[in-house]
Amino acid sequence: MVVLDHVDKHYGPLHVLKDIDLTVARGEVVAVIGPSGAGKSTLCRTINRLEAIDSGSISVDGHPLPEGGRELARLRADVGMVFQSFNLFTHKTVLENVTFGQIKVRGAGAVAAQEKARLLLDRVGVGVPYDTYPARLSGGQQQRVAIARALAMDPKVMLFDEPTSALDPEMTGEVLDVMRQLARDGMTMIVVTHEMGFARYAADRVVFMADGRIVEEAAPDAFFAAPRSDRARDFLSRVLRH
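Residues numbered from 1 in each chain as written. Predicted model: local features only at pLDDT ≥ 70, side-chain atom pairs only at ≥ 80, totals over all residues. Heavy atoms only, no water.

K.L.:
Teacher, can you tell me more about unusual backbone geometry here?
P.N.:
Leaving glycine aside, a negative phi is the common case for residues, and trans is the common case for peptide bonds. The phi torsion at H6 lies on the positive side, around 50°, for a residue other than glycine. If you trace the backbone, H6 turns up in strand β1 (residues 2-11). In this structure H6 comes out as partly exposed when scored by relative accessible area, which is 42%. (Helix = DSSP H or I, 4+ residues; strand = E, 2+ residues; numbered from the N terminus. Buried < 20%, exposed > 50% of the residue type's maximum accessible area, 1.4 Å probe, protein only.)

K.L.:
How should the UniProt feature "domain: ABC transporter" (unreviewed entry) in the chain be read in this particular structure?
P.N.:
With numbering matched to this structure, UniProt assigns "domain: ABC transporter" (unreviewed entry) to residues 2-236. Along residues 2-236 the backbone is 39% helical and 25% strand, and the end-to-end C-alpha distance reaches 27 Å. (UniProt positions renumbered as here; feature names shortened; annotations may be inferred.)

K.L.:
Is there a simple way to think about the sheet that holds strand β5 (residues 63-64) in this case?
P.N.:
Whether parallel or antiparallel, the strands of a sheet pair through hydrogen bonds between backbone atoms. Strand order across the open sheet formed by four strands is β2-β1-β4-β5, with antiparallel pairing between neighbours. Bordering the open sheet on either side are β2 (14-24) and β5, each of which pairs with just one other strand. Bridge count for β1 against β2 is seven bridges, and the pairing is antiparallel. Within β2, the residue paired with V3 across the bridge is T23. (Pairing = 2+ DSSP bridges.)

K.L.:
Please clarify how the sheet that holds strand β6 (residues 79-82) should be interpreted in this entry.
P.N.:
With respect to topology, six strands assemble into an open sheet ordered β6-β7-β8-β3-β9-β10, the strand pairing being mixed. Each edge of the open sheet carries a strand with a single partner, namely β6 and β10 (213-218). Each strand axis lies, on average, 20° off the axis of its neighbour in the sheet, ignoring direction. On top of the sheet, helix α2 (residues 69-78) reaches β6 and β7 (157-161); it is set at about 65° to β6, its chief contact. (Axes fitted to C-alpha atoms, helices over the stretch in contact; angles between N-to-C directions. Contact = heavy atoms within 4.5 Å.)

K.L.:
Which parts of the structure should I look at to understand the pattern of salt bridges?
P.N.:
Once their charged atoms are close, side chains differing in charge can pair, the charge on each being opposite to the other. Within this structure, the stated rule accounts for 16 salt bridges. We note a salt bridge from K116 to D154, for which the minimum N-O separation is 2.7 Å. Of this pair, K116 sits in helix α4 (residues 110-124) while D154 sits in the loop between α5 (139-151) and β7; the two residues are 38 residues apart in sequence, bridging distant segments of the chain. A relative accessible area of 25% places K116 in the partly exposed class. Measuring nitrogen to oxygen at the nearest pair gives 2.9 Å for the salt bridge that ties D185 to R123. Pair noted here: D185 is in the loop between α6 (169-184) and β8 (189-192) and R123 is in helix α4, with a separation of 62 residues, a long-range link. (Salt bridge = Lys/Arg side-chain N within 4 Å of Asp/Glu carboxyl O.)

K.L.:
Would you mind going over the packing of helix α3 (residues 94-104) against α5 with me for this structure?
P.N.:
The axes of two packed helices give the description: the angle between them and the distance between them. Following both chains from N to C, one finds α3 and α5 inclined at 25°, their axes separated by 8 Å at the closest point. Between α3 and α5, the crossing angle belongs to the class labelled roughly parallel. Considering only the axes of α3 and α5, their crossing is right-handed. Contact residues: α3 offers V94, N97 and V98, while α5 offers V145, A148 and R149. Residue classes in the contact of α3 with α5 are distributed as four nonpolar, one polar and one charged. (Parallel < 35°, antiparallel > 145°, perpendicular 65-115°, else oblique. Left-handed = near helix turned anticlockwise from the far one by under 90°. Nonpolar A, V, L, I, M, F, W, Y, C, P; charged D, E, K, R; others polar.)

K.L.:
Teacher, can you tell me more about the packing of α5 against α6 here?
P.N.:
One can describe the packing of α5 onto α6 by two numbers: an axis separation of 8 Å at closest approach and a directional angle of 20°. Here α6 runs roughly parallel to α5, going by the angle between their axes. Crossing of α5 against α6: the hand is right-handed. On α6, the residues that touch G139, G140, Q143, R144, I147 and L151 of α5 are M171, E174, V175, V178, M179 and L182. Looking at the contact of α5 with α6 residue by residue, the classes come out as seven nonpolar, three polar and two charged.

If you want it as structure tokens, here you go:
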């Protein structure tokens, strides 16, 4: 579903992605973990071209990433993204947030878009009236609306960039429950996360990054039981101690 081939990315003199090779199969859940500054979020953002790459190639569902225009808009509709900061439309209600993309990008009718939005909002358990504005929601509720908004576009793959880092522990659990259900339902997911529990128990594969490189990747049981690299062992010793 997603293939990155020898991808490099710089921010000026800073080399943030170094020769990245990664293939994600349809229906696979990949957790991307590693220390801050490893390039995890940049990797995630290159897959829907929020960040342009300097060299290499990226394809989604067999198609290379387009440079721009309508083709890029279509790709972004196929690649749902959930950010750590929610990024909801503050001037639109919960229902309007979830119908907007369906109508404007997918060309859905208003009645069909609203029906689908209600089903998705109930599925992710937002638990507030549909005419509520984002400012009146908790962080966990806002993130669940953001997930519903991405799902409303019928994406082929979902990208999650630290979706729980702005949430308190209770809200984190609520959002992770929604993500685990998506994983069980077969959604292709790439999840940049600090939540080792999600990486260990919900992912099909763990990708460990450090210093702009993929240092190792393995099934969760193998990675957490016996990481192969010193860098991964050091990382796990620090994060699992707390």
